[in-house]
Amino acid sequence: MIAAFPHSRSWSLRALVAATALGFGASSALAADPIKIGVIAEAQAIAGASIPQAAQMAAEEINAKGGVDGRMIEIVTYDNHSSSADSVRAFQRAVNEDKVHAVISSYISEVVLALMPWASRLKTPFITPGAASNEITKAIHADYEKNKYTFHGYLTSGALARSVCDAAKDLLVDAKKMKTAVIMSEDAAWTKPLDVGYEECLPQIGLKVLDHIRFSPDTTDFTPIFNKIEGAKPDVIITGISHVGVQPTVQWKNQQVPIPMLGISSQATNSTFGKDTNNASDGVLYQGVSGPGVAVTPKSVPFADGFKAKFGNFPSYAGYTSYDEVYFIADAIKRAGSTDADKLVEALEKTDWEGTIGRIQFYGKDDPFTHGLKYGKGLITGLMLQWQDGVQTSVWPPEIAKAKIKFPAFIKVTAN
Amino acid sequence: MLALQILIDGFAISALYALGATGFTLIFGVSGVLNLSHGAIMVLAAVAAWAASSILHVNNYIGATIGVATALVASLITYFAVVQPIQRSRRIPNEEKEIFVLTGTLLWGIMIQELIAYFFTNNAKTVLPIVEGVVEILGVRTPQNEIFTALVCCLVIALLWLLVNRTRMGKAVLAASMNPRGVTLLGLELTNIYVVVWAIYGILAGIAGVLLGMFLGVSSYSVGPLTASAFSIVVLGGLGSVSGSLIAAFVVGYLETLTAYLVSPAYRTIPALLLLVAVMYIRPQGLLGRR
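Residues numbered from 1 in each chain as written. Chains lettered and ligands numbered in written order. Predicted model: local features only at pLDDT ≥ 70, side-chain atom pairs only at ≥ 80, totals over all residues. Heavy atoms only, no water.

## Section: the state of the cysteines
All names here are of chain B.
Line of reasoning, step 1. What the rule picks out here adds up to one disulfide over all chains.
Line of reasoning, step 2. Not part of a disulfide, cysteine 153 finds its nearest cysteine sulfur in cysteine 154, a span of 6.7 Å.
Line of reasoning, step 3. A residue is classified by how much of its surface remains accessible, and cysteine 153, at 0% relative accessible area, is buried. (Disulfide = S-S within 2.5 Å. Buried < 20%, exposed > 50% of the residue type's maximum accessible area, 1.4 Å probe, protein only.)

## Digging into the packing of aromatic side chains
Line of reasoning, step 1. Counting across every chain of the model gives 22 aromatic pairs over all chains.
Line of reasoning, step 2. Measuring from ring centre to ring centre gives 6.1 Å for phenylalanine 273 of chain A and tryptophan 387 of chain A, while their planes differ by 50°; the resulting arrangement is tilted. Of this pair, phenylalanine 273 of chain A sits in helix α11 (residues 273-276) while tryptophan 387 of chain A sits in strand β13 (residues 383-388), placing them 114 residues apart in sequence. Like tryptophan 387 of chain A, phenylalanine 273 of chain A is buried.
Line of reasoning, step 3. Each residue in the set Phe303, Phe307, Phe311, Tyr320, Tyr323, Tyr327 and Trp353 of chain A is aromatic and connected to the rest through ring pairs, giving one cluster.
Line of reasoning, step 4. Sitting over the face of the ring of tryptophan 118 of chain A, arginine 121 of chain A holds its NZ or CZ atom 4.6 Å from the ring centroid.
Line of reasoning, step 5. Across the ring face of tryptophan 50 of chain B, the terminal group of lysine 125 of chain B is positioned such that the distance to the ring centre comes to 4.4 Å. (Phe/Tyr/Trp six-rings, centres within 6.5 Å; stacked < 30°, edge-to-face > 60°. Helix = DSSP H or I, 4+ residues; strand = E, 2+ residues; numbered from the N terminus. Lys NZ or Arg CZ within 6 Å of the ring centre and 35° of its normal.)

## Regarding the interface of chain B and chain A
Line of reasoning, step 1. Across the contact, 34 residues belong to chain B and 28 residues belong to chain A.
Line of reasoning, step 2. Interface of chain B and chain A: buried area, both sides summed, is about 2600 Å²; carbon and sulfur atoms make up 47% of it.
Line of reasoning, step 3. Broken down residue by residue, the surface that chain B buries against chain A is led by Asn123, Arg141 and Leu216 of chain B, which jointly contribute 22%.
Line of reasoning, step 4. Summed over the shared surface of chain B and chain A, the result is four salt bridges.
Line of reasoning, step 5. Note that aspartate 276 of chain A and lysine 125 of chain B form a salt bridge whose closest N and O atoms lie 3.0 Å from each other.
Line of reasoning, step 6. Counting the contacts that link chain B with chain A gives 14 residue pairs in polar contact (both at pLDDT 80 or more). (Contact = heavy atoms within 4.5 Å. Buried area = accessible area lost by both parts, 1.4 Å probe. Salt bridge = Lys/Arg side-chain N within 4 Å of Asp/Glu carboxyl O. Polar contact = N/O pair within 3.5 Å; in protein donor to acceptor, adjacent residues only side chain to side chain.)

## Overview of helix α8 (residues 190-215) of chain B
Since one α-helical turn is 3.6 residues long, residues separated by three or four positions face the same way.
All names here are of chain B.
Line of reasoning, step 1. In a regular helix each residue adds 1.5 Å, so 26 residues correspond to 38 Å; α8 covers 37 Å between its end C-alpha atoms and thus fits that length.
Line of reasoning, step 2. Of all 26 residues that make up α8, 21 are buried, and the element is covered over most of its length.
Line of reasoning, step 3. Just downstream of α8 lies glycine 217, where phi reads positive at about 95°. (Expected span 1.5 Å × (residues − 1).)

## Some details on the confidence of the model for chain A
All names here are of chain A.
Line of reasoning, step 1. Scored by pLDDT, chain A has a mean of 90; 92% of the residues are at 70 or more.
Line of reasoning, step 2. Below pLDDT 50 for its whole length, residues 1-13 participates in zero contacts with residues either more than four positions away or in separate chains.
Line of reasoning, step 3. Ignoring residues within four places in sequence, the model shows residues 15-30, a span with pLDDT below 50, making zero contacts including any to other chains. (pLDDT = per-residue confidence, 0-100.)

In structure tokens:
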């Protein structure tokens, strides 16, 4: 620790010299100064790895068309090792040393909740491309002046539950006459409001909730969980999983649990999920905001294909949102005519952008989900996809469905 | 019905724990090394088997063999690159060598873990089972893979027993664990015995890792918990005692399964850890410990 001090002093000295130099040159360089966006993400997790890649892709596209009023977009990336503490340090460094104008970070709700106060303290607009907890928008609503710098660029857990229920009504209740369900979700910040949403909307669509199993995210053996679920004899398992995914799916297949799974399964949104599970994924139904070959908007397919050509795999769900976010941040800076944080926040609030996941608008100050994405027809509804023969296929809503749902032989689709 | 379910599931997981812990305790018994890169070597075996079948497209058997071979190589590297240099060093005082080996193997394990996460991400991987499908055992639907796992574990442990008790090489290993100096006086090269033990260990850890990959799946996150579980089983059974480890593995396996079924899957590991604390208070040398 002691040895580190002279080091850090020389760093701050150097930063001071650099800052002074920048100050002298500022007037002449202003027009061409790049717009810097910090991207802090989980580089080792598949869901997180797409975040910086997609952001970089959007920046290159914008720059190729001349940037924002002649200013180029520069993406500065940081690996947070899926840790809140590392994320906070990266955020401080991004703002204080690398002088970024906005930050895109993380698909983990716990990380986003840890960064929110730092966005306020350092007055830097901050958007998450993949976290879901309702607590994020709730905190913005509760103390708007303090937390207004944070934007929730992905659906809240409440909206996700709504989206799952809307799809389950058409696919399971109306088409397959299913009547009962068991909720299976991991114990994490994002699933608390999700479960509340499920408990509320499943009975409304006609699925009686027989049991509700919450398990630790570090569970490796799912045998007892599946046995307990089977004992309740539900027609369907409604999932809320993100930290786990590969292991329950493989064990579901190996144990031949005869009940279909539908719901949120973040790892299933990755195009590598089939390979990771040796195609045990076949039959899994998962909610998504976009997917390979699915034209949610005219921008969705070109983005996914371009991403695959560049990086070798299709983006995770957080890749789509991260790509859109760079675009609408650029759009907001253009409208604000400035990178000033408060002006940028005002401009971001007026966002009306057609992205890869739908039409993006944010709820306002007076809505309980302040700065959350607006959910609904004509905006973002989400979709339901299914792994079929090793490929992600859209099955809902009907306008963009590519196939009907089908299950592996061990699944018995019944209405008990 | 539930009792039979617990009996079957508990047996498979316990057998797997036993196999994982046997190699770990063997190394400690013979050479006094607590190898904290144990979890990393198991995960490495599973990931290598996964990569072989999903990237190189070899069949299940070759994939599994590649996994075990990778663990064998990793184990020998651990001995020659990490453990032996510390044991032979003249600059490290003898009384500090144990702690250096602990730290060295721990760091080596973390290096393997980070490399796996870097190249293959931290998402879980699963090895394609060698046998698929399910059978009904008195009404309990059991994956054939689970039975296969239990059988292979028991078979390998039995082979190890034969090797140690019935062959010349095994007897030398046994002798080295009792009195290393005596073994050298008899004209046997101690280093050769250590190399044999590390090779046996690598194969055991490799088989355990590949089976775990088939049965439950592993990710780079599993490294720490796997080392910790082997460590607690070995401490519970008595450091260095192979039969103690086997008993402890079944105690821990069944305790976890009982908790998962009868209490909640969320509290699975807690009773086993409480038991470990209790044993440390009442019988610090473990169930079958010698000291």
